[in-house]
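Structural characterization, general
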Amino acid sequence: MKFSTAAFFLTILWNQSSSCCAFSSPGRLSSPRKISSTQLYIIGPMIRRMREEQAKKKMPMASEQEREGEAPGLRVGSGAWRWPPVWPYSDTDFVPKEDIAEPKAAPVTGLLAGNLPKPDEIEEEEEKKETLDVLKYWGEEKAGVKTEIDPDAVKKLKEHYAFYLRDGMSVLELGAAEDSYLPEGLKLSRHVGVGANKKLMEQNSALTESFVVNLNDVVEEQGVNSDELRALGADTFDAILMANTVDFLTSPREVFRSAWALLKPGGIMIVPFTNREAYSSKFERAQTKMWRDMNDDQHMWICGSFFQFSASDGWEKLKGFDISPESAKKEEGIIGALSAKKGMNMYVVQATKAFVDEDVDPYDPEKSFRSKMWLLPTLEERDKQLLAPRLARVYKTISDDKVTQAVLKNVEKLPKIYESLIKMDQFAFTFGMQAQLATDLITDPGFNGNDEQILALKMGLGLRKPSTEFWEPVGQKTMSMIPEDKVNLLAHIVPRFGSNDPAQEAALSDFVAGLEPTFEVIRSKCPKMAESDVQLVGTELLAAEILQPGRSTKKEYATWLCALTEDELTEMVAKRKSY
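Residues numbered from 1 in each chain as written. Predicted model: local features only at pLDDT ≥ 70, side-chain atom pairs only at ≥ 80, totals over all residues. Heavy atoms only, no water.

Attention now moves to the nonpolar core. Core analysis: the biggest nonpolar cluster contains 63 residues, and Leu-387, Leu-414, Leu-437, Phe-470 and Phe-511 have the highest contact counts within it. Looking at this core, the element that brings in the most residues is helix α23 (residues 502-525), giving seven residues. Among residues more than four places away in sequence, those in contact with Leu-387 are Met-373, Leu-379, Leu-414, Tyr-418, Ala-435, Ala-438 and Thr-439. (Core = buried A, V, L, I, M, F, W, Y, C linked by side-chain atoms within 4.5 Å. Buried < 20%, exposed > 50% of the residue type's maximum accessible area, 1.4 Å probe, protein only. Helix = DSSP H or I, 4+ residues; strand = E, 2+ residues; numbered from the N terminus. Contact = heavy atoms within 4.5 Å.)

What follows is the structure, given as structure tokens:
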């Protein structure tokens, strides 16, 4: 289930002011109004209560212990963030409002007559919508336009940087322009600027090198589509700065994924941004709908979500700061509406890159498997949370080092599996069942994610027309099995495809041919056994002895099956159901 953006912000909205009435401009008064003592008695306590409520809302969501060792202004500590299980935004949230296409409405007469526009006509209309050319906008139209941040806000940002940046560091600046706002005297070993405005970057004396990149040109679920950026190398920089840029990103997850890859483990990414209106008169055309619609407190949570949904636990010590200067602070609600705001707010969201477990920690394998899934595409955070404990449980039972290495290698095959599984969301195929099937597949030594195996998976799931020689008869003869047992059977079968081994191909044929004879034997020995259990134990026996070559010959299997007693078969069913 996808969370709506509105539902997401109901969970994260905090410190948002609301007004209880509307104000209209009063006419010119001929003489000052007198406020009675009764009015003062009513208004005074009301204002005091409002101030107390606003003060409570502004209390930092961080413990005293978290604030120790951090820069001033910490407002949201690492333990305060809460996220939905899946990416909560719509496709249009991170698009400039002017670029959002509106389908052409059908005339009322046409609707009444049932003449609805065809989908391809609507798409054709949408395609005509002119969208922002990022490089032209920043490199030509805004080539000489500076950001011009308020001096007090700049001072606060420099002080924040000074707390975390050190001499000798290598720094990458995303969205670089004419000023990097670095503290005076800081001597970096390397400072690479990446932005869309070459002219302004050339004016920035702090940069040791720079090049133009469109951060909104991305490879979906992977990162920024730039060979120059990738050429900088993985695990390269001590710090990544991205000031006043996040509000222009149309694919924030991919940008944050690229940043994570470029950052050294233990390195810090610092993302400062100003209040929504700070430079809207200059650059509003490029700001995304989400940024323009939400308030500054929500922006902090939005920015935090980019860290979370780009690499999840691959980011540590996620924290949010309000480093606004005194000149920018004002009362909220009625009092704030009546007061003039002089300065510019400044906020920061930052996190450090966690270390990936190269080997599986035997004491905490779940953590290790989570780290190996941080950047995997296709999988939602929900899927990773379901997979990690399952993989950890299986890992603890493996004694063969060869199998262990195969499992670790197969983790990278999970996206190929989930490309099929996500299509099952609309059916009665729970997320837990999807995770269990994926776990069973990648922990099978025979699975390598080849094309034949993925095709077999799709046929088994009913996403492709089943083959008449295998999947069609298997589906017909196992119709009484419950979905969970069918998932388990699928995990047995899929890894046997694509082996290019004649013996394995013969075993697959023998499996299909042996289904009905096996069921008949079990029915004759256990006349009271439910048909679902007959099919369950029958497929389990065939999978164990026939499906994998070298286990038993058909004659050996038939002799063994006929020798089983009713009690033994009943015990097998009970044991299997206890898993």
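So, next bit.
Moving on to empty space enclosed by the protein. Inspection of every chain in the model, using the stated rule, returns one cavity of 30 Å³ or more. Considered as a void within the structure, the largest cavity measures approximately 420 Å³ in volume. Classifying every residue of the lining of the largest cavity gives 16 nonpolar, eight polar and three charged. (1 Å grid on protein atoms, 1.4 Å probe; cavity = no way out; pocket = protein on both sides within 12 Å on 5 of 7 lines; lining within 4 Å. Points joined across faces, edges and corners; volume = space filled by probe spheres on them. Nonpolar A, V, L, I, M, F, W, Y, C, P; charged D, E, K, R; others polar.)

A few words now on the sheet that holds strand β2 (residues 170-174). Strand order in the open sheet formed by eight strands is β1-β9-β10-β8-β7-β2-β3-β4, with mixed pairing between adjacent strands. This sheet does not close on itself; its edge strands, each paired only once, are β1 (74-76) and β4 (209-212). Shown here is a sheet whose adjacent strand axes are inclined to one another by a mean of 20°, direction ignored. In terms of strand pairing, β2 meets strand β7 (residues 237-241) through three bridges, oriented parallel. The residue bridging Leu-172 from the neighbouring strand is Ile-240, located in β7. Those strands touched by helix α10 (residues 252-262) are β2, β7, β8 (263-274), β9 (315-322) and β10 (346-353), and its axis lies near 140° from that of β8. (Pairing = 2+ DSSP bridges. Axes fitted to C-alpha atoms, helices over the stretch in contact; angles between N-to-C directions.)

Take the packing of α23 against helix α24 (residues 531-545) next. Orientation of α23 relative to α24, taken along the N-to-C sense of each, is 130°, at an axis distance of 9 Å. It follows that α23 is oblique to α24 by the angle criterion. In this structure, α23 crosses over α24, and the sense of that crossing is right-handed. From α23, Phe-511, Gly-514, Leu-515, Thr-518, Phe-519, Ile-522 and Arg-523 reach across to α24, where they touch Glu-531, Val-534, Gln-535, Val-537, Gly-538, Thr-539, Leu-542 and Ala-543. Here the contact of α23 with α24 is built from residues that sort into eight nonpolar, five polar and two charged. (Parallel < 35°, antiparallel > 145°, perpendicular 65-115°, else oblique. Left-handed = near helix turned anticlockwise from the far one by under 90°.)

This next bit is on the environment of Met-300. Tracing the backbone shows Met-300 in helix α13 (residues 296-311). Note on Met-300: relative accessible area 1%, which makes it buried. Residues Met-300 and Val-349, spaced 49 residues apart in sequence, show a C-alpha to C-alpha distance of 6.7 Å. When near neighbours in sequence (up to four residues on either side) are disregarded, Met-300 contacts Val-76, Trp-81, Phe-273, Gly-320, Phe-321, Asp-322, Tyr-347 and Val-349.

The subject of this paragraph is the packing of aromatic side chains. Applying the stated rule across the entire model yields 31 aromatic pairs. On the basis of an interplanar angle of 65° and a centroid distance of 4.8 Å, the ring pair of Trp-81 and Trp-301 is categorised as edge-to-face. Of this pair, Trp-81 sits in the loop between β1 and α4 (108-112) while Trp-301 sits in helix α13, and the two are 220 residues apart along the sequence. Centre to centre, the rings of Phe-470 and Trp-471 are 5.0 Å apart; their planes meet at 80°, and the pair counts as edge-to-face. (Phe/Tyr/Trp six-rings, centres within 6.5 Å; stacked < 30°, edge-to-face > 60°.)

With phi around 50°, Asn-244 is a residue other than glycine that occupies positive phi space. The topology assignment puts Asn-244 in the loop between β7 and α10. A residue is classified by how much of its surface remains accessible, and Asn-244, at 9% relative accessible area, is buried. One non-glycine residue, Lys-317, adopts positive backbone phi at about 55°. Tracing the chain through its elements places Lys-317 in strand β9.

Before going further, it helps to spend a moment on α13. Between its first and last C-alpha atoms α13 spans 24 Å; for 16 residues at 1.5 Å apiece the expected length is 22 Å, and the two agree. The element α13 is largely enclosed, with a buried count of 16 among its 16 residues. Where α13 starts, the residue carrying a side-chain oxygen 3.1 Å from the main-chain nitrogen of Asp-297 turns out to be Asn-295. Once α13 finishes, Ser-312 follows within two positions and takes phi at roughly 45°, a positive value. (Expected span 1.5 Å × (residues − 1). Polar contact = N/O pair within 3.5 Å; in protein donor to acceptor, adjacent residues only side chain to side chain.)

Two faces, one strand: in a regular strand the side chains alternate between the faces of the sheet. Along β10, eight of the eight residues are buried, which leaves the element largely enclosed by surrounding structure. Relative to β10, β8 runs antiparallel, the two being bridged by seven bridges. The residue of β10 that forms the bridge with Val-271 is Val-349. As paired elements, β9 and β10 share six bridges and run antiparallel to each other. Its bridge partner lying in β10, Gly-320 is registered against Val-349.

Keep in mind that these numbers describe shape and distance, not what the molecule does.
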